[in-house]
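An overview of the molecular structure
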Amino acid sequence: MIKTLTLNPALDKTIIIESFRINNLNRIKKVHKDAGGKGINVSKMLKNLGQQSTAAGLLGGAAGNFIINEIKSLGIKTEFIKTSRETRTNTKIVDPVNNTFTDLNESGSPISFRQIEELKTKLFTNLKTDDILVLAGSVPAGVDNDIYFELIKEAKNRKIKTILDADGPLFEAGIEAAPTLIKPNEHELELYFKKDFKDLKMMIRKAESLLDNGIKMIMLSLGENGAVFITEQGKYKIDPLKLNVKSTVGAGDAMVGGLAYALENNLNLREMIKFAAAASSATLLRDGTEMGSLKDLKRLKKLIRITEI
Ligand SMILES: Nc1ncnc2c1ncn2[C@@H]1O[C@H](COP(=O)(O)OP(=O)(O)OP(=O)(O)O)[C@@H](O)[C@H]1O
Ligand SMILES: O=P(O)(O)OC[C@@]1(O)O[C@H](CO)[C@@H](O)[C@@H]1O
């Protein structure tokens, strides 16, 4: 079983503006509304792969209702705690003329201590040995930065595998608990090492050093430059595909979805890497925060090239 945790979900509002200009009146061509937040996107990707998961977290208000209805209509199991505050709306500006993708993320309404405690208690019900818990995204005010650390520790006590996708202090604290797999992007790694990586080799060496913490697998995603997968068994460079990108939002989450699928179904390392890369590539072909289809994934997977480095 796979469970995803999204402590700070978002109604993603993607607005398409051709030739977007600041300090100017911009006419919106199209608007998309999607249920968003990293863990929720992972569950959406898994659903497209035919893999059931349970999406857990905190939701409230009209945006919260929109999100829960969307996820339920997709057939994803839900385990959200209702909050009295409105769930955030994140705005994404896509300019198809200049090929720019701009994220405007709200911080999220504060959460009470009581609700966080309730969530912690409920999270582990139904999770057993070898299940997978995906912890992804930012947290709203009121939640401590060591929340992922605490949950990963608890998961390890119960022999549950964990995947962490977070940035800043959440990442810093979380990796101390040695999750099974992490998926930092370049920016997240630079934040952690307080370094501006000019050289890919240096970045890979630094990422590799995180294996010393007890982390088993690292998928370092590099946006349009592809990705690097790192384990004790070897390191692999994944070439990016040249695609007609509609939206980059959620490409990393789709990748996490592919990784979770591969772990759950015991795919071998090469298959796991190709699966994850194809899932993210398929998602780039979709508008807004829609995840890639299984049909596109299967087609693109044949094109993914990986090289041992
Ligand atoms: N412009 C692009 N062209 C080709 N492939 C891309 C592009 N952007 C992303 N990808 C693919 O998607 C993967 C994940 O993207 P990225 O590194 O942007 O993740 P991310 O920063 O976690 O994204 P998000 O937080 O929006 O989910 C990359 O490793 C790469 O394989
Ligand atoms: O503010 P966070 O929690 O870091 O990221 C939230 C978010 O940008 O991540 C997803 C894409 O990865 C979107 O659905 C969502 O709006």
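Residue numbering note: each chain is counted from 1, following its sequence as written. Chains carry letters from A onward and ligands carry numbers from 1 onward, assigned in written order. For a predicted model such as this one, the threshold for reporting local features is a pLDDT of at least 70, and the threshold for listing and counting side-chain atom pairs is 80 or more; totals across whole chains, interfaces and linings nevertheless cover every residue. Working from all heavy atoms in the structure, the side-chain values ignore hydrogens and water.

1. Re the overall build of the protein chain
Quick note on the threshold: Helical segments are the DSSP runs of H or I of at least four residues, strand segments are the runs of E of at least two, and each set is numbered from the N terminus. In this setup the radius of gyration rests on C-alpha atoms only. A globule is expected at 2.2 Å times the number of residues raised to 0.38. The criterion used for residue contact is that any of the two residues' heavy atoms lie within 4.5 Å. Charge assignment in this entry is limited to Lys and Arg as positive and Asp and Glu as negative, and neither His nor the chain termini are counted. Where a charge sits is defined by one atom per residue type, namely NZ (Lys), CZ (Arg), CG (Asp) or CD (Glu).
Helix and strand counts for the protein chain come out as 10 helices and 14 strands. Relative to its length of 309 residues, the protein chain is compact, with a C-alpha radius of gyration of 18 Å against a globular reference of 19 Å. Seen through its C-alpha atoms, the protein chain measures out along the principal axes to roughly 50 × 45 × 40 Å. Long-range contacts, defined as pairs at least 24 residues apart, comprise 66% of the intrachain contacts of the protein chain with a sequence gap of at least 6. Between the averaged position of the 46 positive side-chain charges in the protein chain and that of its 38 negative side-chain charges there is a distance of 5 Å.

2. Looking at the site of ligand 1
Where we set the bar: The cutoff for a nearby residue is simple: one of its non-hydrogen atoms must lie within 4 Å of the molecule or strand. As used in this structure description, the phrase polar contact means that two N or O atoms lie within 3.5 Å; if the pair is within protein, one of them must be able to donate a hydrogen and the other to accept it, and residues adjacent in sequence are counted only when both atoms belong to side chains. Accessible surface area values rest on a Shrake-Rupley calculation with a 1.4 Å probe, where residue burial reflects the displayed protein chains alone.
Inspection of the region around ligand 1 gives 20 residues, with Asn185, Ser221, Gly223, Gly226 and Gly252 positioned closest. Here an oxygen atom of ligand 1 sits 3.3 Å away from a polar atom, N or O, in the main chain of Gly250. The contact in question runs from an oxygen atom of ligand 1 to an N or O atom on the side chain of Ser280, over 3.3 Å. Starting from 630 Å² of accessible surface for ligand 1 in isolation, the protein chains cover 84%.

3. Quick notes on the packing of helix H1 (residues 38-48) against helix H8 (residues 251-264)
For the record, the criterion: Working convention: axes come from line fits to C-alpha atoms, limited for helices to the stretch in contact. Angles between N-to-C directions cover 0 to 180 degrees. Here the word oblique covers every angle except those under 35 degrees (roughly parallel), over 145 (roughly antiparallel) and from 65 to 115 (roughly perpendicular). Crossing handedness is defined as follows: a turn of the near helix away from the far one that is anticlockwise and smaller than a right angle gives a left-handed crossing, while the clockwise case is right-handed. For this classification, Asp, Glu, Lys and Arg are treated as charged, while Ala, Val, Leu, Ile, Met, Phe, Trp, Tyr, Cys and Pro are nonpolar and the rest, including Gly, are polar.
Taken N-terminus to C-terminus, the directions of H1 and H8 make an angle of 55 degrees; their axes are 8 Å apart at the nearest point. In terms of orientation, H1 and H8 fall into the oblique class. Judged by the sense of rotation from one axis to the other, the crossing of H1 with H8 is right-handed. Here Lys38, Asn41, Val42, Met45 and Leu46 of H1 come into contact with H8, specifically with Asp253, Ala254, Val256, Gly257, Ala260 and Tyr261. Looking at the contact of H1 with H8 residue by residue, the classes come out as seven nonpolar, two polar and two charged.

4. Examining helix H4 (residues 147-157)
What counts, and what does not: Here the term buried applies to any residue with accessible area under 20% of the maximum for its type, exposed to any over 50%, and partly exposed to those in between, with areas from a 1.4 Å probe on protein chains only. In this description, the arc belongs to the directions extending from the helix axis to the C-beta atoms.
Ile147, Tyr148, Leu151, Ile152 and Ala155 are the residues of H4 that are buried. Buried positions in H4, seen along its axis, are confined to an arc of 120 degrees and lie on one side of it. Packed against the buried residues of H4 are strand E1 (2-6), helix H3 (113-123), strand E8 (132-136), strand E9 (161-165) and helix H5 (168-175).

5. Side note on the layout of surface pockets
The line we're drawing: Grid spacing is 1 Å over the protein atoms alone, the probe is 1.4 Å, and a cavity is where that probe fits but cannot get out, while a pocket is an open set with protein on both sides within 12 Å along at least five of seven lines and lining residues have an atom within 4 Å of a point. Grid points are joined across faces, edges and corners, and a volume is the space filled by probe spheres set on the points.
Quantified by volume, the largest pocket comes out at close to 1,400 Å³. As for the largest pocket, its lining consists of 50 residues, and the residues nearest its centre are Gly223, Thr248, Gly250, Ala251 and Gly252. For the lining of the largest pocket, the secondary structure elements donating two or more residues are strand E2 (10-16), H1, strand E6 (88-95), strand E7 (100-104), helix H6 (186-193), H8 and helix H9 (269-284). Taken as a whole, the second largest pocket holds about 210 Å³ of empty space. Lining the second largest pocket are 13 residues, and of these Ile16, Val94, Pro96, Lys246 and Asp287 lie nearest its centre.

6. Quick notes on the sheet that holds strand E3 (residues 30-36)
Let me state the cut-off plainly: Between any two strands, pairing holds if DSSP finds at least two bridges.
The sheet built from four strands is open, its strands ordered E3-E2-E6-E7 with mixed pairing. Every interior strand has two partners, whereas the edge strands, E3 and E7, have only one. Taking each pair of neighbouring strands and ignoring which way they run, the sheet shows an average axis angle of 20 degrees. Relative to E6, E2 is paired through seven bridges, and the arrangement is parallel. Residue pairing in the sheet places Asp12 in a bridge with Asn90 of E6. Here helix H2 (residues 61-73) sits on the sheet and contacts E2, E3 and E6; the angle it forms with E3, its principal contact strand, is near 80 degrees.

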